[in-house]
Amino acid sequence: RCKPRWVQCDSWLQTDCKEWHGCKSAGTDPYDWCQVEAGSCPPEARSIWGTEPAWDYCVNDNFNISWPPIQVEDRGIVPSTSDVYRR
């Protein structure tokens, strides 16, 4: 299940950060994706180390209703572990 809102930074320096809502269009890619809520994935989605996926593909079914992303504070080079892995 997608988080209702989440932050994604485009640069490898973790700058140009934006808060997105729901399912994000992946630009020219033929799929959409989002950051997932902890505990919303089935056990089969866990890695061999028992961690849940932090990101997943999703279906953008908002029928052309969208909220533009909001520019937010940069995160810096090293993201928090909770942004990368979940237990």
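Residues numbered from 1 in each chain as written. Predicted model: local features only at pLDDT ≥ 70, side-chain atom pairs only at ≥ 80, totals over all residues. Heavy atoms only, no water.

Asks: Tell me about the state of the cysteines, and name the residues and values.
Replies: Within the structure shown, the criterion is met by two disulfides. Put simply, Cys-2 and Cys-34 are joined by a disulfide, and their sulfur atoms are 2.0 Å apart. On the S-S bond that ties Cys-2 to Cys-34, the torsion sits near -85°, and the link is left-handed. With Cys-2 in the segment before strand S1 (5-9) and Cys-34 in strand S4 (residues 32-35), this pair connects stretches of sequence that are 32 residues apart. With relative accessibility at 1%, the residue Cys-34 sits in the buried group. What pairs with Cys-9 in a disulfide is Cys-17, and their sulfur atoms sit 1.9 Å apart. As the torsion about the S-S bond is roughly 100°, the Cys-9-Cys-17 disulfide counts as right-handed. A relative accessible area of 0% means that Cys-17 is categorised as buried. (Disulfide = S-S within 2.5 Å. Helix = DSSP H or I, 4+ residues; strand = E, 2+ residues; numbered from the N terminus. Buried < 20%, exposed > 50% of the residue type's maximum accessible area, 1.4 Å probe, protein only.)

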